[in-house]
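Survey of secondary and tertiary structure
Spelled out, the chains give:
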Amino acid sequence: MNDAVMAKYTKDKKVGEGTFAVVYVGKQVKTDRKIAIKQIKEGEFKDGVDMSAIREIKFLQEIRHANVIELIDVFTAGPRLSMVLEFLPTDLEGLIKDTKILFRLGDVKAWMLMATRGLHHCHRLQILHRDLKPNNLLISPTGELKIADFGLARQMPNPKDKMTPTVVTRWYRAPELLFGARYYTPAVDVWSLGLIFAELMLRLPYCPGEDDIDQIDKTFRAFGTPTEEEWPGLTSLPAYPKTVNKYPHPSVQELKMRFSAATENGLELFQAMTELNPADRVSCEEALTADYFTEFPRPTKLAELPGRTE
Amino acid sequence: MTSATASSKATKTVTDDDIYRQSSQFKKWSFTPTQLAARRLQTNTNGREFVKQSFLAADLDPAMAKILSVDEELTMVNYMCSQSEGIAQVLNLPSKVKATAVLFFKKFFLINSVMVYSDPVKVLHTCFFLATKAENHFFSINQFCKYTGAVAKDVLQLEFVVMQSMLFSLSAQSAYTPLHGFYLDIQTSLPHVPASTVGSLYDGARKYVSLSFLTDANFLFTPPQISLAAMMCTNSQITEQYLRVKMSDPAQFNLTTKLVQECVDMLQKVDKPTKEYVQEIGKKLRSCDVEKTKARLLKRKLKEQGEGDAKKQKLDSETPQPPDMSNSASTEPASAEASASASASTTDASAPASASASASTEQS
C-alpha cells in the first residue's frame, strides 16, 4: 500500500532544508503535476514521529481550500516520513523583500483577501494556525496565495484547556501571547494577519522586536499602551510587565501618515485586526465583509499579480 | 469581487453538514452496513491468506492454524477496546484522548486482520501513544512506557504502521464533543427542565458514548447522531422534547429520530463476550502465529526426544506450564488487564515481562 503511494511520485531535486525537514521538488508521475516532497528528518525526535509532523498531517488532511496548501499524499520510506504537498515556489516574504517589484493597492488587497479566506476556513474547522507570517504564505505558480506550515497548529481548545503562549514568530505575536495568556482564541491569528497587512503596505516589518521585552515595547509604540479599562484583566495576565512605557494610541491622522497609500477603509480593517484587546479584535468572517474588500480598486486578478511563475 | 459574483456566492452557504462531509472521518471512515461488512470480510480474507502463506513459507501445514471468523476477529477487537479503560486511567487521560486512541484501534483492525497483527496489546499501546500526540497530550516514550508497561521498541516500530493504517487521517471525531454541545444547548432550549435532570442526562449519556466504542456506531453514524442516541438511551422523553424544539420541520424530525433510533438499538444490545469465549479466540489466534507454532512444535519434539532421559526434568523445571499458555502475553485477556493496570503497582511486571518470557521460550 505504502510503496504504491511512493511510486506515484518522483523526487527530483533538493530545494530547501529546515530544522526538521528537507524539501524536494518532484512530479506526480501519472499527471506530470509538479509537487513538493517534505521529508521529515529522522533522529531529531527520539519519541517517534515528530509532533510538528503529526500536527501538520492531522490538520492538512482535514483542510481543503483554495487558500490553504494541499496535502496530496503521505508515505513512509524506511524510517522517514514524507508529505507530498502542492508545489508552491514563491512566498510572500520573498515578494516583500524584492524591491524590484512594485505592489499596487489591488495586489495587497488580493493577497489579504486570499489569506483571510484561507484563515477563515481554518477557523471554521476549529483550527488555530499559530504561526502566520509572510514566510508561511506561499504563492502558487498561478499566483494563488496559500497558507502553509501547520506545524504549530492546534484544535480550538475546550474552555478549560490551557495552551502554551510560546507560539507565533515574535514579530507577529499578539499582545495576549506576549503577556503569557494561557487561554486565547483565533484572534491570535487575526493579529498576525493584521501585522502582515502592515508589512505589505510598508514593505518592512511593522513591529520588529529584538527580544520579547522589546517586542512589547515596539507593540505599544505602534498601537498605544492599553489600559485595564480598555482591556479588563490585562494587568493580571501572567507575564504582564511590572512597568510599561506609556504610549498614546495613534490617531487616524497619525496612521494616515504612517500608511500614506492606504485608504480609509483599508486603515479601518487594519485597526480592527490589530485591536490590542483580543475580545475587540475582528473575526475573519467579519473581516471578509469589510468595505475595504469591495471598494475600489478591486483585488488584482490572479493573472496580473506579481510573483506568478506561469 | 463584483457584486454579481458576491450575490451568486451568497446563495451557496457552507453548512455544518458541508464541513462534516469534507472531514476525513466522513470521507474515509464512514460506511453503510454493507460496505462495512464487505471491508471486514476483505480484511479477514487477507488475514487468512497471510496465515496460509506464513505457514507454507515455514514448511508447515496451514491446516494447523485455526483461522478466526469475521465475528471472532471483531469480538477480539471489541474486547480489547473494553480493556482500554485501564490504560486511559494510568495515564490520566481526558475522555477525548481516550476516544481518539480507541477509534484509532478500531480503524486499525478494520484495515488489518488480528491474524496478521496477532499481538493486539502492542497495537493498542501504539494507538494510545499516537493519540496522545495527535491530541496534544504529549508523553515522552519513556514516560509512556513507564506508566503503561508498554515496550518502547514495539511502540516506535508500530507507529508508522498505525499511521498508515489510519490512512494518515489523525483526527478522530468522537461523540463526546457534540454531547457537550447538546448539554449546553438543552439548558437554553428547555429552560423549564431542572438543572439536575439535565446534569444526570449528560452523565448517563456519557456512559452510553463510551459504550458506543464497543459497537460499529462510529463507522455507521455521525458523532452528533451517536450523542443523541446516547441521550435517548438515558432519557428519551427530554431528548425527544429537545429535538422537537430544535426541529420545526416534521420531516426532519422524523428522519433524525429514525436514524437515532437505529443507533439506540445498537447501543442497547451491546453484549460483552464472556472471558472464556475470548480466551478461546485467543488460543485460536496463537495457533495462527507461525512463530509461536514453530516454538510449540520444537518444544513438543524436544519433549518427545527427551522422553525418559534427564533432559525432560530440566525442561520441565524451566517451563512449568504448557508452552501455549506461557506464550499468552499478548492475546490473553487476563494479561491485557494486567498490562493496563501495570503502573498501579509500578513494578513493570506484567505485559513486557511475560512478553519477554515468551520470547525466551521461543528461542530455547
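Residues numbered from 1 in each chain as written. Chains lettered and ligands numbered in written order. Predicted model: local features only at pLDDT ≥ 70, side-chain atom pairs only at ≥ 80, totals over all residues. Heavy atoms only, no water.

Chain B is annotated in an unreviewed UniProt entry as YALI0A06996p of Yarrowia lipolytica.

An unreviewed UniProt entry lists chain A under the name [RNA-polymerase]-subunit kinase, from Yarrowia lipolytica. Regarding chain A, the relevant UniProt record gives this comment under Subcellular location (unreviewed entry): "Nucleus". (UniProt positions renumbered as here; feature names shortened; annotations may be inferred.)

Buried together is how nonpolar side chains tend to be arranged in soluble globular proteins. Residue and element names in this part refer to chain A. In terms of nonpolar packing, the biggest core is built from 177 residues, with Leu-81, Leu-92, Trp-111 and Tyr-206 touching the most fellow members. If near-sequence neighbours (up to four positions away) are discounted, Trp-111 is found in contact with Leu-92, Leu-95, Phe-103, Ile-139, Leu-145, Leu-200, Leu-305 and Pro-306. Tyr-9, Val-22, Tyr-24 and Ile-37 belong to the second largest nonpolar core, which has nine residues in total. (Core = buried A, V, L, I, M, F, W, Y, C linked by side-chain atoms within 4.5 Å. Buried < 20%, exposed > 50% of the residue type's maximum accessible area, 1.4 Å probe, protein only. Contact = heavy atoms within 4.5 Å.)

The subject of this paragraph is the pairing of strand S5 (residues 80-86) of chain A. Residues and elements named next belong to chain A. Most of S5 sits inside the fold, with six of its seven residues counted as buried. Summarising the sheet, strand S3 (residues 33-40) and S5 pair through five bridges and their orientation is antiparallel. If you follow Ile-35 over to S5, its bridge partner there is Glu-86. Turn length for the strand S4 (residues 71-77)-S5 hairpin, with the two strands adjacent in sequence and antiparallel, is two residues, and the turn residue Gly-78 shows positive phi of about 60 degrees. (Helix = DSSP H or I, 4+ residues; strand = E, 2+ residues; numbered from the N terminus. Pairing = 2+ DSSP bridges.)

To continue, consider the interface of chain B and chain A. Taken together, the contact between chain B and chain A spans 29 residues of the former and 30 residues of the latter. Across the pair B:Glu135 and A:Lys58 runs a salt bridge whose closest N-O atoms are separated by 3.9 Å. Inspection of the chain B/chain A interface yields 11 residue pairs in polar contact (both at pLDDT 80 or more). Those elements that place two or more of their residues in the side of chain B that touches chain A are helix H3 (24-29), helix H7 (120-134), helix H8 (141-148) and helix H9 (152-165) of chain B. (Salt bridge = Lys/Arg side-chain N within 4 Å of Asp/Glu carboxyl O. Polar contact = N/O pair within 3.5 Å; in protein donor to acceptor, adjacent residues only side chain to side chain.)

Let's shift gears to the domain arrangement of chain B. Residues and elements named next belong to chain B. Per the domain assignment, the segments of chain B are domain 1 (31-171) and domain 2 (176-267). For domain 1 and domain 2, the distance between their C-alpha centroids amounts to 29 Å. On the side of domain 2, 11 residues touch domain 1, which itself brings 18 residues to the contact. Surface buried jointly by domain 1 and domain 2 totals about 1,200 Å² across both partners, of which 66% is contributed by carbon and sulfur atoms. Of all residues in domain 1, the largest losses of buried area upon contact with domain 2 belong to Phe-31, Ser-95 and Lys-106, amounting jointly to 34% of the total for that side. Seen at the junction of domain 1 and domain 2, the total is one salt bridge. Salt-bridge contacts for Arg-40 lead to Asp-216; the nearest nitrogen and oxygen are separated by 2.8 Å. (Domains from an automatic or database assignment. Buried area = accessible area lost by both parts, 1.4 Å probe.)

Residue and element names in this part refer to chain A. With six of seven residues buried, S4 is to be regarded as a mostly interior element. The sheet contact formed by S4 and S5 spans six bridges and is antiparallel. Residue pairing in the sheet places Leu-71 in a bridge with Leu-85 of S5.

This brings us to the packing of helix H4 (residues 33-57) of chain B against helix H5 (residues 70-90) of chain B. Residue and element names in this part refer to chain B. Where H4 meets H5, the closest approach of the two axes is 9 Å, and the angle between their N-to-C directions is 95 degrees. Taken together, the axis directions place H4 and H5 in an arrangement best described as roughly perpendicular. Judged by residue contacts, Arg-40, Leu-41 and Asn-44 of H4 engage Val-70, Glu-73 and Leu-74 from H5. Classifying every residue of the contact of H4 with H5 gives three nonpolar, one polar and two charged. (Axes fitted to C-alpha atoms, helices over the stretch in contact; angles between N-to-C directions. Parallel < 35°, antiparallel > 145°, perpendicular 65-115°, else oblique. Nonpolar A, V, L, I, M, F, W, Y, C, P; charged D, E, K, R; others polar.)

Moving on, we come to the UniProt feature "active site" (unreviewed entry) in chain A. Residue and element names in this part refer to chain A. Following the UniProt record, one finds the feature "active site" (unreviewed entry) at Asp-131. Position of Asp-131 relative to the elements: it lies in the loop between strand S7 (127-128) and strand S8 (137-139). Given the relative accessible area of 9%, Asp-131 is considered buried. When sequence neighbours within four positions are dropped, the list of residues in contact with Asp-131 reads Asn-136, Leu-152, Val-168 and Thr-169.

The geometry of an aromatic ring pair comes down to the distance between the two centres and the angle between the two planes. Counting across every chain of the model gives 23 aromatic pairs over all chains. Consider the rings of B:Tyr176 and B:Phe213, whose centres lie 6.1 Å apart with planes at 50 degrees: the pair is tilted. Of this pair, B:Tyr176 sits in helix H10 (residues 176-189) while B:Phe213 sits in the loop between helix H11 (195-212) and helix H12 (217-220), and the two are 37 residues apart along the sequence. Here the two residues B:Tyr176 and B:Phe213 agree in accessibility, since each one is buried. Three or more aromatic residues joined by ring pairs form one cluster here, namely A:Trp191, A:Phe197, A:Tyr206, A:Phe223, A:Phe259, A:Phe270, A:Tyr292 and A:Phe293. Above the face of the A:Tyr24 ring, A:Lys11 is positioned so that its terminal group lies 4.5 Å from the ring centre. Directly above the ring of A:Phe103 sits A:Arg203, whose terminal nitrogen or CZ lies 3.6 Å from the centroid. (Phe/Tyr/Trp six-rings, centres within 6.5 Å; stacked < 30°, edge-to-face > 60°. Lys NZ or Arg CZ within 6 Å of the ring centre and 35° of its normal.)

This brings us to the pattern of salt bridges. Residues and elements named next belong to chain A. In the structure shown here, the tally under the stated rule is 31 salt bridges over all chains. A salt bridge links Lys-8 to Asp-73; the nearest nitrogen and oxygen atoms lie 3.3 Å apart. In this pair, Lys-8 is assigned in the loop between helix H1 (2-6) and strand S1 (9-17) and Asp-73 in strand S4, connecting sequence segments 65 residues apart. On the basis of relative accessible area, Lys-8 is assigned to the partly exposed category, the value being 41%. Given the relative accessible area of 17%, Asp-73 is considered buried. Salt bridges sharing common partners tie together Lys-14, Glu-17 and Lys-41.

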